[in-house]
Every structure is written in C-alpha cells, then in structure tokens.
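Close look at the chain arrangement
Here are the chains, one letter per residue:
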Amino acid sequence: MPTIDPHGGTLHNLVADEATAGALRDEARNLPKLVVSDRELADLEMLAVGALSPLTGFQGEADYDSILETMHLADGRAWTIPVTLSVDEDGAHRLGGAEAVGLTPAEDAEPLAVVRISELFKRDRAKEARSVFGTEDLAHPGVQALHDAGDRCVAGTLEVIGLPMHDDFLQYRKTPAETRAEFERRGWRTVVGFQTRNPIHRAHEYLQKCALEIVDGLLVHPLVGATKADDVPPDVRMRCYEALFDGYYPKDRAMVSVFPAAMRYAGPKEAIWHAICRKNYGCTHFIVGRDHAGVGDYYGTYEAQEIFERFQPGELGITPLMFEHSFWCNRCEGMASPKTCPHGEEHRVSLSGTKVREMLRNGERPPQEFSRPEVADILIDAMREGGAG
C-alpha cells in the first residue's frame, strides 16, 4: 500500500449508491438546472472520485479568498487553485432562493449531480487572474477561460448521481481508489507521478527513468480534460504512450492511467495543485520539470519548482522531484542535464517545438536522440490526418 494519506486524511467518494442515486435523480428533475462547462464537468468528476480531496463540493467565498491570498484553504490546508461553479447574473437570478440545483452537461441531458447550495458570491475576476495565473492578459488561455466564466459562483456540497459518460480510454480511467488498489496489488510502496499533456520525448523518458531508480513504481498520468486547441489531441498522445510502454518501459514497474482534469495553464500554482491531486491518487513523489503547466512566456523556467519552497516541510505530504532541462549529449553519448554534462550547447541535441512540428509535417523523424521513432511515426501520421496540432 502506498505510504501516503490523501490530502486532508480522507479520500472522498461523492458518488451515491444505487438506491440514493435513484432518489437524487427524482429530486433533480424538479430542481432548477445549471448547464456546466467542460472545465466544470471535469471538476465535477474530479470531486466525485476524490481526486480533489479534501473538497466535497464547489468552494465558497471564505475558501476562495483564502486560496487567492494565502495558497491555503480557510482551515489552513494547502491549496492553490479555486474550484468554483460559475453562473452568470441571469442564472443566479433563476436560482432565486433555491436550496439545491441540478448539474447537467447539456440542456437536454439528465442531471449528473445535485449541489446543496450554501451561498452565491461574486468572484473577483482580476484578483483571481493575478493570483492564479500571474497575469490579466486575455491572451493567456486560463485568463480567457476565467473571463468567459460567469461573474457569480455557486458554492455547496456535491451529491453525484453518476459520473460523466466517456467512450475513450476506458481501460485507463482509474479513480484514486483504483490506482491505490493497483499500486497495492503490484507491491509498490513508493510511486512517482508524471503529469503530461504532450507526447513523451526522450527528455521526459529520461526524467521518469531517473525517478524510477529511487521509487518502486511510475504512474504516467496524462491529462485528458480540456486543453488548448493547438495541443496534441489525447487520442494521439495515448497512442504515443502505448508505443513507448510496449518497447521501452518495464511493465512491472510502470503504468498509465488518465487524469480527467481540465488544463489551467497556471504554471507554479498548477504544479502544486497537480502534486496534491497525484497525492490523492496514491503517489508519494511527483516529477516537476522545466516550465511545469506553463504556456507562452508567462512563467520563469523553474518558477514551478521554486513555489514548493513557499510551503512548510511536510505540509504538502508529497515529495517533489526537481529536474533541470535534459537532452542528449553527443560527447557524453547519452541523456544528461546541466547538472551532469560539462559540454556546451553545440554538443547537445535540442530542438524547438516549432522545428519539431515542421519536421513532422514534412514527414521527417526528429533525431532518435530527441524522440523514439515509434512516437515520431505516430505524430507524422497524425499530422497528415490533421490531428496533431
């Protein structure tokens, strides 16, 4: 069993049993309805399965303000990104004095959950943008998503009738309780988690295998919720992960499961949030590389590592593993980082994302020192089909 407790000590499961779900379903049909965004639908699923423990619902104003000001919940536990349920002024008016609301993914869909409303409050969009994203620039995808969300937030405990339906990656959709059970079955007491929204190239593989030298198991945990339009689609990425695991990873010491969260692109704040979530999934360690959860030039190269120093020792309960930029060095004849390689840039295989995309579009494999050929071929085929950014 992994030697780590969930954040706050309890792994919450908010999905009702069959009998309770039936009663909730009947109740929800007579409640005001709120159609949730893709991002909030992902948050609903994360709350439901305990990935966002200790949260048991959408957060109220006291937690909201505390997170933005202190990176902690109102009760003092570490937390860096508010998990809120948005509604515009018209929606807030329709709710009126309702004590509960049914959440649905579409106007004509059955409710998936009921929120017992504790309060409605007005969000401070500018303060939230500055605190979470470090900018109010609408060119930042997270700030734009915040701008598109409603001005009011509905807070309250969540009672889940059923999880959102998925028809993809079914064998990889494991809840925190299920990953913890799988780690126990495999005899892993220490597990390192790796967050990704990209195909894994040689540098990522190197970081994961360095980490595997000091723990029992590796969880590659790709995010499959909403991302930017130009990110590589999840189905393409998953084919890349499968190819790598088939040929280059020890099957008894590594596994893949998907992370249903939506991407925030919040850089340092999201690095902490991702670490806490992976703690709930049972990981004892978490890889933090260069520009974790970054976008554009909004964050410093290692800002997502430095933010961990702002928390007290042991406060997060999961051990971050900090890695510098890694690369293939022709002089070293192997993967390395600035910590281990004494040679200059002229000896290092380093390609920009723009250059890699150009090569793939032209049907060219990047050097094998940069990307495994199996991964390159999958991306080339996806580019030809118009599905890889």
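Read on for an overview of the structure. Only a predicted model underlies this, so the values are computations on that prediction, with no experimental measurement involved.

The next thing to look at is unusual backbone geometry. Negative phi values dominate among residues other than glycine, just as trans dominates among peptide bonds. Residue Ser53 is joined to Pro54 through a cis peptide bond whose omega torsion reads 20 degrees. Structurally, Pro54 is set in the loop between helix H2 (38-49) and strand S2 (57-58). Even without being glycine, Tyr265 reaches a positive phi, approximately 60 degrees. Mapped onto the elements, Tyr265 comes out in the loop between strand S9 (254-256) and helix H10 (268-280). Overall, the relative accessible area of 2% leaves Tyr265 in the buried class.

Pairing within the open sheet is parallel, and its 5 strands lie in the order S9-S8-S7-S10-S11. Across the chains shown, the open sheet's two edge strands, defined by having one partner strand only, are S9 and strand S11 (319-322). The average undirected angle you get between the axes of adjacent strands in this sheet is 25 degrees. Judged from the 2 bridges that link them, strand S7 (residues 191-196) and strand S10 (residues 285-288) form a sheet pairing that is parallel. Bridging across to S10, Val192 finds its partner in His285.

So, about the side chain of Glu182. Looking at the secondary structure, you find Glu182 in helix H7 (residues 176-186). A relative accessible area of 15% means that Glu182 is categorised as buried. Among the polar contacts listed, one links the side chain of Glu182 to the side chain of Arg186, at a separation of 2.7 Å.

Moving on, we get to the sheet that holds strand S14 (residues 348-349). Pairing within the open sheet is antiparallel, and its 3 strands lie in the order S13-S12-S14. Either end of the sheet is taken by a strand with one partner, and the two such strands are strand S13 (334-336) and S14. As defined by bridge partners, strand S12 (residues 327-329) adjoins S14 across 2 bridges and the pair is classed as antiparallel. Its bridge partner being in S14, Trp328 is matched across the sheet by Val349.

This part is about the environment of Gln368. Among the structural elements, Gln368 can be located in the loop between helix H12 (353-361) and helix H13 (373-384). In the structure, Gln368 is positioned 166 residues away from Arg202 in sequence and 8.3 Å away in space, judged by C-alpha atoms.

Now for the pattern of salt bridges. Across all of its chains, the model carries 23 salt bridges by this definition. The residue Arg186 makes a salt bridge to Glu182 at a minimum N-O spacing of 2.7 Å. With Arg186 and Glu182 both in helix H7 and 4 residues apart, the pair spans about one turn of that helix. Arg186 gets classed as partly exposed once you look at its relative accessible area, which sits at 27%. Several salt bridges share partner residues, and in doing so they unite Arg197, Lys228, Asp230 and Asp231 into one network.

This part covers the nonpolar core. Within the largest apolar cluster, 74 residues are counted, with the highest numbers of intra-cluster contacts made by Met46, Leu52, Phe58, Trp79, Leu103, Leu158 and Trp273. If sequence neighbours within four positions are ignored, Trp79 has contacts with His7, Leu52, Ser53, Pro54, Leu55, Gln59, Ile67, Met71, His72, Leu73, Trp273 and Ile276. Membership of the second largest hydrophobic core comes to 40 residues, among which are Trp328, Val349, Phe370 and Met383.

Cut-offs used in this document
- Residues numbered from 1 in each chain as written.
- Predicted model: local features only at pLDDT ≥ 70, side-chain atom pairs only at ≥ 80, totals over all residues.
- Heavy atoms only, no water.
- Helix = DSSP H or I, 4+ residues; strand = E, 2+ residues; numbered from the N terminus.
- Buried < 20%, exposed > 50% of the residue type's maximum accessible area, 1.4 Å probe, protein only.
- Pairing = 2+ DSSP bridges.
- Axes fitted to C-alpha atoms, helices over the stretch in contact; angles between N-to-C directions.
- Polar contact = N/O pair within 3.5 Å; in protein donor to acceptor, adjacent residues only side chain to side chain.
- Salt bridge = Lys/Arg side-chain N within 4 Å of Asp/Glu carboxyl O.
- Core = buried A, V, L, I, M, F, W, Y, C linked by side-chain atoms within 4.5 Å.
- Contact = heavy atoms within 4.5 Å.

So yeah, pure geometry; function would need other evidence.
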